[in-house]
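An overview of the molecular structure
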Number of protein chains: 2
Amino acid sequence: MSETDLIEAMAVEAKEAARQMRRAGRSQKDEALRLMGEKIREGEAFIREENQKDVVLARESDLSSAFVDRLTLDSKTIQSMVDGLKEVEALPDPVGEVTQMWKRPNGLIVGRMRIPLGVIGFIYESRPNVTVEASSLCLKSGNTVILKGGSEAIHSNRVLGRLLKEALVEADLPEKAIQVVPTTGREALKILLGLEEHVDLIIPRGGEGLIRFVTEHSRIPVLRHYKGVCHVYVDEFADVAMASEICFNAKVQRPGVCNAMETMLVHERIAPAFLPAMAARYKAAGVELRGCPRTLALIPGAKEAQPSDWPAEYLELILAVKIVSTMDEALDHIERYGSNHTESIITSDYSRAQRFLSEVDSSVVLVNASTRFNDGNQLGLGAEIGISTSKLHAFGPMGLEELTTKKFIVYGSGQVRT
Amino acid sequence: MSETDLIEAMAVEAKEAARQMRRAGRSQKDEALRLMGEKIREGEAFIREENQKDVVLARESDLSSAFVDRLTLDSKTIQSMVDGLKEVEALPDPVGEVTQMWKRPNGLIVGRMRIPLGVIGFIYESRPNVTVEASSLCLKSGNTVILKGGSEAIHSNRVLGRLLKEALVEADLPEKAIQVVPTTGREALKILLGLEEHVDLIIPRGGEGLIRFVTEHSRIPVLRHYKGVCHVYVDEFADVAMASEICFNAKVQRPGVCNAMETMLVHERIAPAFLPAMAARYKAAGVELRGCPRTLALIPGAKEAQPSDWPAEYLELILAVKIVSTMDEALDHIERYGSNHTESIITSDYSRAQRFLSEVDSSVVLVNASTRFNDGNQLGLGAEIGISTSKLHAFGPMGLEELTTKKFIVYGSGQVRT
């Protein structure tokens, strides 16, 4: 069978399986999740054996040690896969929920019922634990999934896919509900992205290069986020100690992720009291500051920010700093350079807090809290399959609900239209 | 200025205007809607003069009388535009609604707030009343809109666009919130569909040809519906009189629309009591029946259905009829040939009604009511900008809420992530 035929056949089977998955009740899905955890725990030795093949090849290909780290499955990562399955098992089932119901003047009772989306194509890089995580979320939300992971993880993904399939069969769910694309490379990916008749949604997770490739080649709707150029605005009426804690956390706690702060905006009236001490704290943590001219006047050691710094997503210990004369200037800056991802205001002024929340056009807008809270788990969605920075269908962290849609159900008693 | 530059400039201005529109309150938007109605009423003579230019050209081009009818603005259609504006004015403003709010263990208070999508490209055929209808819905939901109507309505659309703009300015809203593309033809449309940096959503309304063209050429997400192959399933336990009323209404009341029934599925146990009388009623109304072999045995006059009849969207007084042995056979038929648009079951059996509602994968699923109720007004959404038969973002009739998305708002008190 050609690669095209193979992948198309997978998609057709995924769509057939989706009909059964739509009807699957919570207990059956939870049983499958429980069995998956069991099989992964029991299969640990075998999983690690297969994973070692990937790891050896990756080392031979001189891939970076960070890459090999993400690829490697040890006892700890395997345990965290099992724990993740338990957490998803404990989440409520979104399918079948009727979110609203109302009665029309003619007596029709109209409701909106949550249903699965159908077939999801999940595209990711060489992190085999994502295979299990994405599968569990798609399964719990009643969807079927076709997984296309990075080619460097193919042995790991194949064995994980096999174990997940065994669990599905034992739980009497269709084995084609979770399928790992067995071939590697971008050609296979392109084929998958063209199957708009069978696949309802594509979710890519990975670097900007992968996401741009997917977006450009997909004929299927894509939920994605490009980058997080997140801002904290330290208002004139901020509590200086609180601002310091939050700005430190937002930049330093985990700089390599999308919800880390990249630009700090500081009101001119608070800058003298706030910036020098903050700069010293950043310096001690190894953060490089790149400031506007007014910032440099307060922090002599800082580099001068270039125009390319304002839209930059550093993902490392670098921070752009700008002093603004008004809150409006901060809002204008965010509007111009932000990526609609996450912004936070630090203020004790009620009306400024409310204004920031309502006017900033980002997926998560916070008052007096770190940008690092833009995360499905942290916000209470229970789990996260990704973050969307475009507004259609989902905006911000996507949990189980975002893997569903709603249909209208109508209870009548003979009504016809006049 | 080239056509490309012109349309791109419109999109840039629409995006700038979107920032102001996000902040506009209900009273300001309602004032603009009120002024629009006033200006259209006062400008009636001028509107009709401009519209006559389009009508004369359409007649000269030998366009069908149905086409000329839809194009023509008389006192009655102008009055109904004004009435439509009043109805939208009376609808609640979806923007700013916080649909949920919860508290996290660390004290963060998390809510989801409705916000506008941004810039909407609305593509339609030569029905100038749609210019006003789409504008009013986009305005009320805080979006800006670029309108690309059929070239045959260009004089009408230009004058309507001018009046709408006057109302915006008087209400102190940005005049670029509603813009009519002043040039005609598919080249202009293609340019608009490529502006993914400035336009957030494309909504096409029109025939299948237009919708396919838009989908194929758009780099922007498209909300659309292709076709409505709607089914009524008359169950073994149906009330025969009710089934007759509903099946008659679903086929005959307005056969040319997407929510009219195209295939009737009849359980074998009720077929002898139901079908012959129903067929006589259809015959009197001029409906042509195309039946499966078992149907033909009961209705000797009917034509034999061909394989092409089961997936057909007739949009006229033709009905495909199939006798099924079980409810499962009806569900399988709908799964195979339906278009996920609208299906209805007629039954007095409780568990069959519930099963149909939960298993049928269509945007509107009804029990004991006509398929003709798949309509935003009829279901109580207040207004409708279109019907989506794909599941992403919206599934079924789209009202004001479907022109919004939700962002997360977070009230903190100094929380950082550990």
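Conventions adopted
Residues numbered from 1 in each chain as written. Chains lettered and ligands numbered in written order. Predicted model: local features only at pLDDT ≥ 70, side-chain atom pairs only at ≥ 80, totals over all residues. Pairing = 2+ DSSP bridges. Helix = DSSP H or I, 4+ residues; strand = E, 2+ residues; numbered from the N terminus. Axes fitted to C-alpha atoms, helices over the stretch in contact; angles between N-to-C directions. Contact = placed C-beta atoms within 7 Å. Least-squares fit on C-alpha atoms with pLDDT ≥ 70 in both. Parallel < 35°, antiparallel > 145°, perpendicular 65-115°, else oblique. Left-handed = near helix turned anticlockwise from the far one by under 90°. Nonpolar A, V, L, I, M, F, W, Y, C, P; charged D, E, K, R; others polar. Domains from an automatic or database assignment. Buried ≥ 20, exposed ≤ 12 C-beta atoms within 10 Å, placed from the backbone. Core = buried A, V, L, I, M, F, W, Y, C linked by C-beta atoms within 7 Å.

**Focus: the sheet that holds strand β5 (residues 178-180) of chain B**
All names here are of chain B. The strand order across the open sheet formed by four strands is β5-β4-β3-β6, and the pairing between neighbours is parallel. For this open sheet the edge positions go to β5 and β6 (201-205), each flanked by a neighbour on one side alone. The mean inter-strand angle of the sheet, taken between neighbouring strand axes irrespective of direction, is 20 degrees. Taken together, the five bridges between strand β3 (residues 119-124) and strand β4 (residues 144-148) define a ladder with parallel strand orientation. From the neighbouring strand, Gly121 faces β4, where its bridge partner is Ile146. Contacts between helix α1 (residues 3-23) and the sheet are confined to β3, β4 and β5, with β4 contributing the most and set at about 150 degrees to the helix.

**Here's the deal with the relation of the copies chain B and chain A**
The two copies are related by a screw motion: chain B maps onto chain A through a turn of 180 degrees and a shift of 0.0 Å along the axis, at an RMSD of 0.1 Å. Given the turn and translation reported, the copies of this chain are related as if by a two-fold rotation axis. Relative to the rotation axis, the closest C-alpha in chain B is found at His393 of chain B, a distance of 1.8 Å. When the interface residues of chain B are mapped onto chain A, 100% of them again lie at the interface, so the same face is used by both copies.

**Points about the packing of helix α2 (residues 26-42) of chain A against helix α6 (residues 128-140) of chain A**
Residue and element names in this part refer to chain A. At a minimum axis separation of 9 Å, α2 and α6 run at an interaxial angle of 165 degrees. One finds that α2 runs roughly antiparallel with respect to α6. In this structure, the crossing between α2 and α6 has a hand that is right-handed. Judged by residue contacts, Lys29, Ala32, Leu33 and Ile40 of α2 engage Val132, Ser136, Leu139 and Lys140 from α6. Its residues placed into classes, the contact of α2 with α6 shows five nonpolar, one polar and two charged.

**Digging into the domain arrangement of chain A**
We note that the domain assignment places domain 1 (3-224) and domain 2 (230-378) within chain A. Averaged C-alpha coordinates put domain 1 of chain A and domain 2 of chain A at centres separated by 36 Å.

**A closer look at the interface of chain B and chain A**
Counting residues at the interface gives 56 residues for chain B, matched by 56 residues for chain A. Secondary structure elements with two or more residues in the side of chain B that touches chain A: α1, β2 (109-116), α10 (240-252), α14 (350-359), β13 (364-369), α15 (376-379) and β16 (404-415) of chain B. Top contributing element to the side of chain B that touches chain A by residue count: β16 of chain B, with eleven residues. For the side of chain B that touches chain A, the per-class residue count stands at 24 nonpolar, 18 polar and 14 charged. With five bridges joining them, strand β16 (residues 404-415) of chain A and β13 of chain B adopt parallel strand pairing. Its bridge partner lying in β13 of chain B, Gln415 of chain A is registered against Ala369 of chain B.

**Here's the deal with the pairing of β16 of chain B**
Residue and element names in this part refer to chain B. The element β16 is largely enclosed, with a buried count of nine among its twelve residues. Where β2 lies against β16, eight bridges are found, and the strand directions are antiparallel. Its bridge partner lying in β16, Val110 is registered against Val410.

**Quick notes on the sheet that holds strand β13 (residues 364-369) of chain A**
The strands making up a sheet are joined through hydrogen bonds of the backbone, oriented either antiparallel or parallel. One open sheet holds the ten strands; their spatial order is β10(A)-β9(A)-β11(A)-β8(A)-β7(A)-β12(A)-β13(A)-β16(B)-β2(B)-β1(B), and the pairing between them is mixed. The open sheet terminates on both sides in strands that have one partner only, identified here as β10 (303-304) of chain A together with β1 (98-103) of chain B. Relative to strand β8 (residues 261-267) of chain A, strand β7 (residues 230-234) of chain A runs parallel, the two being bridged by five bridges. By the bridge assignment for β8 of chain A, Val232 of chain A is matched with Met264 of chain A. Running over the sheet, helix α10 (residues 240-252) of chain A touches β7, β8, β11 (318-324), β12 (342-346) and β13 of chain A together with β16 of chain B and is turned about 170 degrees from β7 of chain A. Each of β7, β8, β11 and β12 of chain A is contacted by helix α13 (residues 327-337) of chain A, which is oriented at about 140 degrees to β11 of chain A, the strand it contacts most.

**Considerations on the pairing of β6 of chain B**
Every other side chain in a regular strand lies on the same face of the sheet, so the side chains alternate between the two faces. Residue and element names in this part refer to chain B. Judged by how many residues are buried, β6 sits mostly within the fold: five of five residues are covered. In β6, alternate side chains face the same way, and those of Leu201, Ile203 and Arg205 on one face and Ile202 and Pro204 on the other are all buried. Across five bridges, the pairing between β3 and β6 is parallel. Paired with Ile120 across the bridge in β6 is Leu201.

**Overview of the nonpolar core**
Formed by 251 residues in total, the largest nonpolar core has its most connected members in Val234 of chain A together with Val234 of chain B. Excluding anything up to four places from it in sequence, Val234 of chain B contacts Ala243, Cys247, Met264, Leu265, Val266, His267, Ile270, Phe274 and Ile346 of chain B.

**Points about unusual backbone geometry**
Unlike most non-glycine residues, Asp62 of chain A shows phi in positive territory, near 60 degrees. Turning to its location among the elements, Asp62 of chain A is positioned in the loop between α3 (44-60) and α4 (65-71).

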